[in-house]
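Fold and geometry: a report
What follows is each chain in one-letter form.
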Amino acid sequence: MGHRLKVGLLSLFSWTVFAVAGPLEAAQLLGVRFGPKGDVTRVVFDLMGAPDYAIYGDDSGNGRLMIDFIDLSLSPADQAYRPGQGHIGRYGFAAAGEEGARAVLDFNKTAKIKEVFVLEPAGAVTKHRLVVDLETADMPAFLASLPSRYPDLTAVIEQATAPAPATAEPPAATIPPSPSQKEVAAPPPERLTVVIDPGHGGADPGAQGQSGTLEKNVNLAAALLLAEILEKRGRYKIVLTRTGDTRIRPDARETLARNAGADLFISLHADAIAQRELRGASVYTLSEQGSERSARIAKEEGDYVFYDLDASSYGEDVGGILLKKAQDKTNTASSLFAESLIENLSGKTPLLNRTHRTGDLRVLLAPDVPAVLLEMAFISNAKDEANLNSPVWRARAMKAVADSIDAYFEEYGDRQYASNRAGGAY
Ligand SMILES: [Zn+2]
C-alpha cells in the first residue's frame, strides 16, 4: 500500500481477528471433447471437481474464446496446442497464476456463445462437465455474446452520484397515467450502494513490485472486476471512486462515498514492506484513534449529518454524542464486514496472521459509512506480485470479496439499513 512506508498515515495500535488459510480444492482437467453438429459445436470440458471459471474472448483471427479456470491442475500434455473440431480450429491450455489455467480456443469459423452450463455428477457419471455451445455467427455477434465487461464506468458513477431528482414538481403538461403505466411506475426495490475505491492513481502510483508492477494499476484492475461481479448479482448500486488512472485525494474519496449514500465502502490496495518474504492479504478498519480524528474533523467542520440524521440543530455537545454513537455503530459494522472478508478470503488467497488490523486511515474516516481497507497482497513479494497480475487470482479473490459483501449484508447490513431508514436508530 505504501502508506506505512511513504506517507506514514498508518498508526497501528490494536490487533484483533485471527485467520488461518484453509486448504484449496483444485479441480482437475480430465479432457476436452467436441461435438460438431451443423451450425453448432458443443465443447465439453471433463473435470474432476466443480469448475470455478470466467469466460473472455477477443476478435483475433476468426475469434478467440478464453476460459480462465480458478484452481485447475493440468498435466504437461494439456499445455500444447492441438487441433479442434467444428468451429474450433485449435485449442490449448496455459498455466495462469499460481493455481489456475487458461483454456484458449481459436475459431476457424466465427461463432457466438449460445449457451454455457455445468453438469454436476449424476448417476454413473462421477465427473463435472463444463459445456459451451457455439453457433455460427459474425464477429459482432460473438463479441456481444461474451459476458459483459465495464470498460468505462464513468456513466455508472455519474448516475449513482447525481443528486436525487426533485419529485415535487411534475412536468408542465403531464398526461394522466394509464392504469398499465401506473403498474409500471411502482418503485424498484432499493439497492444497497457499495463504493469501491481503487487506491492511489495518476501521479500517485502507490507501491511498486520487484518486477515493476505499480500498485495503482493492480488496484484498479481488481476494483473494476469486483464492480462487474457485484453488478451481475443485481443487488447493488456500484460506485467507483475512479475508473481510470487519475489521482483522487483521500478526503474526496470519502466525500464521494458519503454523497453516494454508501452502505459499504471498500478500499483496495496492495501492501509493500522491506521484508520481501512477507506475503498475504490483510484487512484494516478504523481505529479508535481514527474515530477521534474523524470526530475532531466533524467538529471543526460543523458536520454532524450522519445516518440520515442532521444533528447540527442539536448543537455541538449533543451532536458530538450522536456522532460518537454513529461511529460506534459504524465501527461495529466495519468490523463485522472485515470478519466476513477474512472468512471468505481464507483458502482463496494467502492471509497474514492476525490479519484484521485497525489503523488511522484517512480514507476510512466517514463516520456513517462502514468502511474497510483491504490490502490484497504484498506487491513487494514476488509470488504475491505475480498473483496481483494474474487474472485467475484476481477472479478468485474478487469473487471472495463479493461473497463477503453478500454475507455481510445478509447477516447484518439489511437490518442496519432498515433501521436507518425507519429512523429508529437512536
Ligand atoms: Zn496503497
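Residues numbered from 1 in each chain as written. Predicted model: local features only at pLDDT ≥ 70, side-chain atom pairs only at ≥ 80, totals over all residues. Heavy atoms only, no water.

With respect to the nonpolar core
A general feature of soluble globular proteins is that nonpolar side chains tend to end up buried together. We apply this condition: What makes a nonpolar core is a set of buried Ala, Val, Leu, Ile, Met, Phe, Trp, Tyr and Cys residues whose side-chain atoms join them at distances within 4.5 Å. Relative accessibility thresholds used throughout: buried, under 20% of the residue-type maximum; exposed, over 50%; partly exposed, between the two (1.4 Å probe, protein chains only). Helix and strand definitions here come from DSSP, where helices need a minimum of 4 consecutive H or I residues and strands a minimum of 2 consecutive E residues; each element is numbered from the N-terminal end.
In this structure, Ile 196, Leu 268, Leu 374 and Met 398 are the most contacted members of the largest nonpolar core, which totals 46 residues. Counting only elements with at least two residues in this core, the list comes to strand 12 (192-198), helix 5 (215-232), strand 13 (236-240), strand 14 (264-271), strand 15 (281-286), helix 8 (315-345), strand 19 (371-378) and helix 10 (391-422). It is helix 10 that provides the largest number of residues to this core, a total of 11 residues. Ranked by size, the runner-up nonpolar core spans 26 residues in total, among them Phe 34, Leu 47, Phe 107 and Leu 134.

Some points on helix 9 (residues 382-389)
Stated formally: Here the arc refers to the set of directions running from the helix axis out to each C-beta atom. For the purposes of these results, a polar contact is taken to be a pair of N or O atoms within 3.5 Å, where, inside protein, one atom must be able to donate a hydrogen and its partner to accept one; residues adjacent in sequence count only when each atom of the pair is a side-chain atom.
Within helix 9, burial applies to Asp 384, Glu 385, Asn 387 and Leu 388. When helix 9 is viewed along its axis, its buried side chains cluster within an angular range of 160° and face the same direction. Taking the backbone nitrogen of Lys 383 as reference, a side-chain oxygen 2.9 Å away marks Asn 381 as the first, capping residue of helix 9.

Some words on the environment of Leu 220
Keep this limit in mind: The contact rule is simple, with two residues in contact once any of their heavy atoms fall within 4.5 Å.
By secondary structure assignment, the location of Leu 220 is in helix 5. A C-alpha to C-alpha distance of 8.0 Å links Leu 220 and Arg 242, two positions 22 residues apart in sequence. Once residues within four sequence positions are removed from consideration, Leu 220 is found in contact with Pro 198, Arg 242, Thr 243 and Gly 244.

With respect to the pattern of salt bridges
Side chains carrying opposite charge are able to pair once their charged atoms draw close together. For the record, the criterion: By convention in these notes, a salt bridge is any Lys or Arg side-chain nitrogen within 4 Å of a carboxyl oxygen on Asp or Glu.
One pass over the structure, following the stated rule, counts 13 salt bridges. The salt bridge involving Asp 406 is made with Arg 233; its shortest N-O contact spans 2.7 Å. Residue Asp 406 is found in helix 10, and its partner Arg 233 is found in the loop between helix 5 and strand 13; the two are separated by 173 residues along the sequence. A salt bridge links Arg 235 to Asp 406, with the nearest nitrogen and oxygen atoms 3.9 Å apart. A residue pair is termed long-range when its members are at least 10 positions apart, and Arg 235 in the loop between helix 5 and strand 13 and Asp 406 in helix 10 qualify at 171 residues. Each of Arg 233, Arg 235, Lys 399, Asp 403, Asp 406 and Glu 410 takes part in salt bridges that share partners, so that together they form one network.

Regarding unusual backbone geometry
The backbone of His 200 sits at a positive phi, close to 65°, despite the residue not being glycine. One can find His 200 in the loop between strand 12 and helix 5.

Side note on the packing of aromatic side chains
Just so we agree on the cut-off: Each aromatic pair joins two rings of Phe, Tyr and Trp (for Trp, the six-membered one) with centres within 6.5 Å, and gets the label stacked for planes under 30 degrees apart, edge-to-face for over 60, and tilted for any other angle. Only Lys NZ and Arg CZ are tested; either one counts as a charge over a ring when it is within 6 Å of the ring centre and within 35 degrees of the ring normal.
In the structure shown here, the tally under the stated rule is six aromatic pairs. Arranged with centres 6.2 Å apart and planes meeting at 85°, the rings of Phe 45 and Phe 93 form a pair that is edge-to-face. Here Phe 45 is found in strand 3 (residues 40-48), whereas its partner Phe 93 is found in strand 8 (residues 88-96), with 48 residues between them in sequence. Between Tyr 236 and Phe 409, the ring centres sit 5.7 Å apart and the planes meet at 40°, which makes this aromatic pair tilted. Note that Tyr 236 is positioned in strand 13 and Phe 409 in helix 10, a separation of 173 residues in sequence. When its relative accessible area of 0% is taken as the criterion, Tyr 236 is described as buried. Directly above the aromatic system of Tyr 81 lies the positively charged group of Arg 90, at a separation of 3.8 Å from the ring centroid.

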